[in-house]
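Below, each chain spelled out in residue letters.
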Amino acid sequence: MPEQSRSAVDVATSPFLDGATHGFLGRAGGLSGGIYAGLNVGLGSDDDRNAIIENRQRAKAAVLPDSELVTLHQVHSADVATVETPFALDARPHMDGMVTDRPGLLLGILTADCVPVLFYDVSAQIIGAAHAGWKGAIGGVTDNVIAAMEQLGAARDTICCAIGPCIAQESYEVDAAFQRRFVAEDPANASYFKSGQPDHFQFDIESYVAGRLAKAGIAKIDKLGLDTYAHEDRYYSYRRSCHRGEAGYGRQISLIGLQA
């Protein structure tokens, strides 16, 4: 893509989360250049730190300007934090999910192929966010976000979810050992894989995460169906960068907050 992204930040939303201020952001509208060109918000990347910090501010301004951005040090776990106050950048907990009932906090999940999930209970005014890579997804990170929301007063039958940009089945090749791990966890998981090259499968992680949410009792689930790998002009992709032998990759952010 060009060195300079489009000036406007790209924000996709879901009608299922109406009432909560939210957005699934793309790579447009940022200061980063080179392989990170656009709105790279990944502190773990080798991008210019000043550009990353400014990109994070632009992301916040595009969704909930007067909020305080809260992010995690994501480690592909199933662990979830209940957030009452923002974390300092150098003191972010090593977790992959967050919940809060505090207005003015903007929960942010970073991804580059993994599945961002935003949660909202309109009745209880409680929100959540999860980073569901395959390890966190099979480990139950979305189940744990739901349980943490319940601890704050939410109810499963009033929680709505939206699944944002992630790698699509057509772009996500895995080996047979990977497929067997999921089928061993639940034989019904075979439905999320289709045969590809010999001893390989194409994994539909978006539908797998949606299935986990449905199994947990969530009735309203929106799958945005946006493939991070295929749409280079719009999203960062870890797998695409690996296939190209690039030295690093950017991260986009998915945000949800309650108006103060």
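Residues numbered from 1 in each chain as written. Predicted model: local features only at pLDDT ≥ 70, side-chain atom pairs only at ≥ 80, totals over all residues. Heavy atoms only, no water.

Caption draft 1: Layout of the sheet that holds strand E4 (residues 80–82). Across the sheet, 6 strands lie side by side as E4-E5-E8-E7-E9-E13; this open sheet has mixed pairing. Sheet topology places E4 and strand E13 (220–223) at the edges, where each strand pairs with a single neighbour. Pairs of neighbouring strands in the sheet enclose a mean axial angle of 15°, with direction left out of account. Where strand E9 (residues 159–163) and E13 come together, 4 bridges link them in parallel fashion. When the sheet's bridge partners are listed, alanine 162 is paired in E13 with aspartate 222. (Pairing = 2+ DSSP bridges. Helix = DSSP H or I, 4+ residues; strand = E, 2+ residues; numbered from the N terminus. Axes fitted to C-alpha atoms, helices over the stretch in contact; angles between N-to-C directions.)

Caption draft 2: Structural detail: the sheet that holds strand E3 (residues 68–70). If you walk across this open sheet you meet the 5 strands as E1-E2-E14-E6-E3, and the pairing is mixed. Two strands close off the open sheet at either side, each with one partner strand: strand E1 (11–12) and E3. In the sheet, E3 pairs with strand E6 (residues 105–111) via 3 bridges, with the strands oriented parallel. Bridged to leucine 69 within E6 is leucine 106. Contacts between helix H1 (residues 49–63) and the sheet are confined to E1, strand E2 (21–25), E3, E6 and strand E14 (252–257), with E2 contributing the most and set at about 135° to the helix. (Contact = heavy atoms within 4.5 Å.)

Caption draft 3: Geometry of the pairing of E6. Most of E6 sits out of view: 7 of its 7 residues are buried. Judged by which residues are buried, E6 turns out to be covered on both faces: Leu105, Leu107, Ile109 and Thr111 on one side and Leu106, Gly108 and Leu110 on the other are all buried. With 6 bridges connecting them, E6 and E14 associate as antiparallel partners. Note on E14: the bridge partner recorded for leucine 107 is isoleucine 256. (Buried < 20%, exposed > 50% of the residue type's maximum accessible area, 1.4 Å probe, protein only.)

Caption draft 4: Quick look at the pairing of E9. The element E9 is extensively covered by neighbouring structure, given that 5 of its 5 residues are classed as buried. Alternating positions in E9 separate into two faces, Ile159, Cys161 and Ile163 on one and Cys160 and Ala162 on the other, with burial throughout. Bridge count between strand E7 (residues 115–121) and E9: 5 bridges; the pairing is antiparallel. Across the sheet, leucine 118 pairs through a bridge with alanine 162, a residue of E9.

Caption draft 5: Representation of the nonpolar core in the model. Formed by 38 residues in total, the largest nonpolar core has its most connected members in Val117, Phe119, Phe203, Val209 and Leu213. Elements supplying a minimum of two residues to this core: E7, strand E8 (126–132), helix H2 (134–139), helix H3 (141–152), E9, helix H4 (176–185), strand E12 (200–203) and helix H5 (205–215). Each residue touching valine 209, except ones within four places of it in the same chain, is listed here: Val115, Val117, Ala132, Ala137, Thr142 and Ile163. With 21 residues, the next largest nonpolar core counts Phe24, Ile109, Leu118 and Tyr120 among its residues. (Core = buried A, V, L, I, M, F, W, Y, C linked by side-chain atoms within 4.5 Å.)

Caption draft 6: Layout of the side chain of arginine 56. If you trace the backbone, arginine 56 turns up in helix H1. Of the side chains with opposite charge, glutamate 54 lies nearest to the buried arginine 56, which makes no salt bridge, at 11 Å. Setting aside residues up to four positions removed in sequence, arginine 56 forms contacts with Val41, Leu43, Leu69, Thr71 and Leu89. (Lys, Arg positive; Asp, Glu negative; His and termini not counted. Salt bridge = Lys/Arg side-chain N within 4 Å of Asp/Glu carboxyl O.)

Caption draft 7: Highlighting unusual backbone geometry. Notably, aspartate 113 is not glycine yet its phi reads approximately 130°, a positive angle. You can see aspartate 113 is positioned in the loop between E6 and E7. One non-glycine residue, aspartate 199, lies in positive phi territory at about 60°. Note on aspartate 199: relative accessible area 62%, which makes it exposed.

Caption draft 8: Representation of the pattern of salt bridges within the structure. Under the definition given, this model contains 10 salt bridges. One salt bridge connects arginine 234 with aspartate 10, and the closest N-O pair in it is separated by 2.6 Å. Taken together, the residues arginine 234 in the loop between E13 and helix H6 (238–244) and aspartate 10 in the segment before E1 connect sequence positions 224 residues apart. A residue is classified by how much of its surface remains accessible, and arginine 234, at 26% relative accessible area, is partly exposed.

Everything listed here is a matter of geometry and, on its own, says nothing about what the molecule does.
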